Amino acid sequence: MVSEKKEPGVWDGFKAFLMRGNVVDLAVAVVIGAAFTNIVNSVVKGVINPLVGAFGTKDLDHYHSCLKSPCDMNEAGEVTKGIPIMWGSVLSAVLSFLITAAVVYFLMVLPMAKYLARVAARRAEKEGTKEVMEITELEVLKEIRDELVAQRGTGHREE
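About the cut-offs
- Residues numbered from 1 in each chain as written.
- Predicted model: local features only at pLDDT ≥ 70, side-chain atom pairs only at ≥ 80, totals over all residues.
- Heavy atoms only, no water.
- Helix = DSSP H or I, 4+ residues; strand = E, 2+ residues; numbered from the N terminus.
- Buried < 20%, exposed > 50% of the residue type's maximum accessible area, 1.4 Å probe, protein only.
- Contact = heavy atoms within 4.5 Å.
- Areas by Shrake-Rupley, 256 points an atom, 1.4 Å probe, with all protein chains shown as cover.
- Salt bridge = Lys/Arg side-chain N within 4 Å of Asp/Glu carboxyl O.
- Patch = residues over 30% accessible without salt bridge, like charges linked within 9 Å, V, L, I, M, F, W, Y side chains within 5 Å.
- Lys, Arg positive; Asp, Glu negative; His and termini not counted.
- Charge placed at Lys NZ, Arg CZ, Asp CG, Glu CD.
- Phe/Tyr/Trp six-rings, centres within 6.5 Å; stacked < 30°, edge-to-face > 60°.

Asks: Let's hear about the overall build of the protein chain: which residues, and what values?
Replies: Scanning the protein chain from N- to C-terminus turns up 3 helices and 2 strands. The 159 residues of the protein chain split such that 6% are buried. Put simply, 35% of the contacts in the protein chain that link residues at least 6 apart link residues at least 24 apart. For the protein chain, the exposed surface amounts to about 13600 Å²; the carbon and sulfur share of it is 65%.

Quick look at the structure:
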């Protein structure tokens, strides 16, 4: 009787996919990123926009230029006439991105890189020590061999 190898099913492949470490890491990163977005948006709206507001309006979204004049807006901020270019909202998004990137880099990437460099240096130091020990042991064994050969040579001559 010839036994057939059973190919993994779709369900088994799906379970293997979900259990890979990088899928779980990616899911955690997405969840933390979504939560972090709220923090960054709050910083931009609560700190950056008021700082910019010291020189103009408090909300960057109100900064715009008119492509086709005149640009008229109602009280709700909807365009009723003209074609506005809302560069203030783009500036706000860019500031949010830069703040997010800076926080991620300085609070996550840089410390992790320093930690990994220290771990790599320790590992290299241990490997270097091990290599020195191996060379030393090899040299000692060679010396023992040479002594034994010398003793045999001397022993045979004495006989």
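Asks: So, the pattern of salt bridges: which residues are in play, and what are the values?
Replies: Counting across every chain of the model gives 1 salt bridge. As a salt-bridge pair, R145 and D146 come within 3.1 Å of each other at their nearest N and O atoms. We classify R145 as partly exposed; its relative accessible area is 47%.

Asks: Give a description of a positive patch on the surface that names residues and reports values.
Replies: A contiguous patch of positive charge on the surface is contributed by K114, R118, R122, R123 and K126. You can see K126 is positioned in helix 3 (residues 87-158).

Asks: Lay out the packing of aromatic side chains in plain terms, naming residues and giving numbers.
Replies: Considering all chains together, one arrives at 2 aromatic pairs under this definition. Relative to F106, the ring of Y105 lies with its centre 5.1 Å away and its plane at 80°, an arrangement referred to as edge-to-face. Relative accessible area serves as the criterion here: at 40%, Y105 is assigned to the partly exposed category.

Asks: Help me get a handle on a nonpolar patch on the surface, residues and values and all.
Replies: A cluster of nonpolar side chains, contributed by W11, F14, F17, L18 and M19, occupies part of the molecular surface with about 570 Å² of accessible area. Here F17 lies in helix 1 (residues 10-19).

Asks: Summarise the environment of G88; cite the residues concerned and give the values.
Replies: With respect to the element layout, G88 can be found in helix 3. Sequence separation of G88 and H62 is 26 residues, and the distance between their C-alpha atoms is 6.3 Å. Contacts of G88, omitting those with residues within four sequence positions, involve L60, D61 and Y63.

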